[in-house]
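# Understanding the architecture of this molecule
Okay, here's what each chain looks like letter by letter:
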Amino acid sequence: MTSVTPQNPRVLSGMRPTGRLHLGHYHGVLKNWVELQHEFECFFFVADWHALTTDYEDPSGIPRATWDMVVDWLAAGVSAGSSTLFIQSRVPEHAELHLLLSMITPLGWLERVPSYKDQQEKLKEKDLATYGFLGYPLLQSADILIYKAGQVPVGEDQVAHVEMTREIARRFNHIYGREPDFEEKAEQAKRKMGKKNAKMFDQLRRSWTEQGDQQALDKARALLETQANITVGDRERLLGYLEGGGRVILPEPQPLLARAAKMPGLDGQKMSKSYGNTIALRDDPDEVAQKLRTMPTDPARVRRTDPGNPDVCPVWQFHEVYSDDGVKDWVQAGCRSAGIGCIECKQPIIEAVRAELGPIQARAAELEAQPETVRSFINEGCERARDVARETMDEVRHAMSLAQGRGPMAPGRRRCERP
């Protein structure tokens, strides 16, 4: 696992409310959260506004899905005492920061997010021609930046979202955290490069800031490195002018890539509700056993006496997650020689999965019987999260000349103050 820098040890992660969670969530996310919460200051949130970006037509299931998901978090070992658990929509400052960041974010940056067109293709049955869907990566950025998170646990497919958040933070700091006369000093430094190079720098900077052209940014950086007529201070100032510099109001986060076990579905694909191949954390033990016993296996093993190949069998992927080397060797030898049947091969998996889920299910039952306890955990988390979010927004408003007590209208704004 990537380490968190001691200068900024806050971690933030969230999940859309999808209802009861399954083994894919447990191995891919929750086990990582349980580990992180004992080492760092962690904020874990229910991303209910994000659910609206694709399910805005019928949001009626979100409250129940939120409840079921939070119960599963707690049952899996995420602690309200060791981390801050909250619901996104209960901290309206997220929406305010999202709005303010939208004022400075080029459209091109949103349109080039890899998942934008991918999701539109996957969800063709839904009308996703909305600003909410286009802007959801920016809302993600607001979620991260409002807590000044140093690290964000993500899979490799989400690294691009964190990188965009870094770019937005850099741009915000450049616009609102500059030194006095920053632009004038940057223009003076640029003129030292000569007319031709200064013109090229302007063109590349415009392509980067207006269109999000990464190639233009790289070329501009390289151009500055070749300039012998400018001082080191001028070069740093022009880099800041290009990338965003000055006072850091919103720190840039880093992606935190965790070594998470890839939990396959019952059919060998990724475990997902949309594929109907899941084992839920609260599935009845008999249901768990039935699902595993009826898993497909190597299609070459038509009869018990036919040898098989574990490498093409979904059951082997479960052994990779749950079995020790001794059991794996037994499976490899027995399957390839037809020394064991598929039912025998599945039995260690059935026992291991049921043993893993037993304590989680017992804890979930306790939590379901104590709804006020769960609500108090979330209420306290929402308050803690909102206190931090308010501090950040005070800085952001001040930087953007929106703070109370600034300007000629300040004395008459008493009725507009926040409670």
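Residues numbered from 1 in each chain as written. Predicted model: local features only at pLDDT ≥ 70, side-chain atom pairs only at ≥ 80, totals over all residues. Heavy atoms only, no water.

The subject of this paragraph is unusual backbone geometry. Even without glycine at this site, Ala-338 takes up a positive phi of about 65 degrees. As for its placement among the helices and strands, Ala-338 is situated in the loop between helix H16 (325-336) and helix H17 (342-368). Phi at Ser-401 takes a positive value of approximately 60 degrees, unusual for a residue other than glycine. (Helix = DSSP H or I, 4+ residues; strand = E, 2+ residues; numbered from the N terminus.)

A few words now on the environment of Arg-221. With respect to the helices and strands, Arg-221 occurs in helix H12 (residues 214-225). For the pair Arg-221 and Asp-311, spaced 90 residues apart in sequence, the C-alpha separation works out to 47 Å. In contact with Arg-221, other than residues within four places in its own chain, are Arg-170, Gln-214, Leu-239, Leu-242 and Glu-243. (Contact = heavy atoms within 4.5 Å.)

A word on the pattern of salt bridges. Evaluation of the coordinates by the stated rule reveals 27 salt bridges. One salt bridge connects Glu-320 with Lys-328, and the closest N-O pair in it is separated by 3.6 Å. According to the relative accessible area criterion, Glu-320 is partly exposed, its value standing at 46%. Arg-397 is the salt-bridge partner of Asp-394, the closest N and O atoms lying 3.1 Å from each other. One end of the pair is Asp-394 and the other is Arg-397, both in helix H18 (residues 371-399) and three residues apart, which spans about a single turn. (Salt bridge = Lys/Arg side-chain N within 4 Å of Asp/Glu carboxyl O. Buried < 20%, exposed > 50% of the residue type's maximum accessible area, 1.4 Å probe, protein only.)

As a packed pair, helix H10 (residues 182-191) and helix H13 (residues 232-243) sit with axes 9 Å apart at the nearest point and diverge in direction by 120 degrees. By the criterion of interaxial angle, the relationship of H10 to H13 is oblique. Like other packed secondary-structure pairs, H10 and H13 cross with a definite hand, here left-handed. Of the residues in H13, those touching H10 at Phe-182, Glu-183, Lys-185, Ala-186, Glu-187, Ala-189 and Lys-190 are Asp-234, Arg-237, Leu-238, Gly-240 and Tyr-241. (Axes fitted to C-alpha atoms, helices over the stretch in contact; angles between N-to-C directions. Parallel < 35°, antiparallel > 145°, perpendicular 65-115°, else oblique. Left-handed = near helix turned anticlockwise from the far one by under 90°.)

To continue, consider the packing of helix H8 (residues 136-145) against helix H9 (residues 159-176). Direction vectors running N to C along H8 and H9 enclose 70 degrees, while the axes themselves pass 9 Å from each other. The angle between H8 and H9 places the two elements in the roughly perpendicular class. Taken together, the residues of H9 that come into contact with H8 (itself represented by Tyr-136, Pro-137, Leu-138, Gln-140, Ser-141, Ile-144 and Leu-145) are His-161, Met-164, Thr-165, Ile-168 and Ala-169. Residue composition of the contact of H8 with H9, by class: eight nonpolar, four polar and no charged. (Nonpolar A, V, L, I, M, F, W, Y, C, P; charged D, E, K, R; others polar.)

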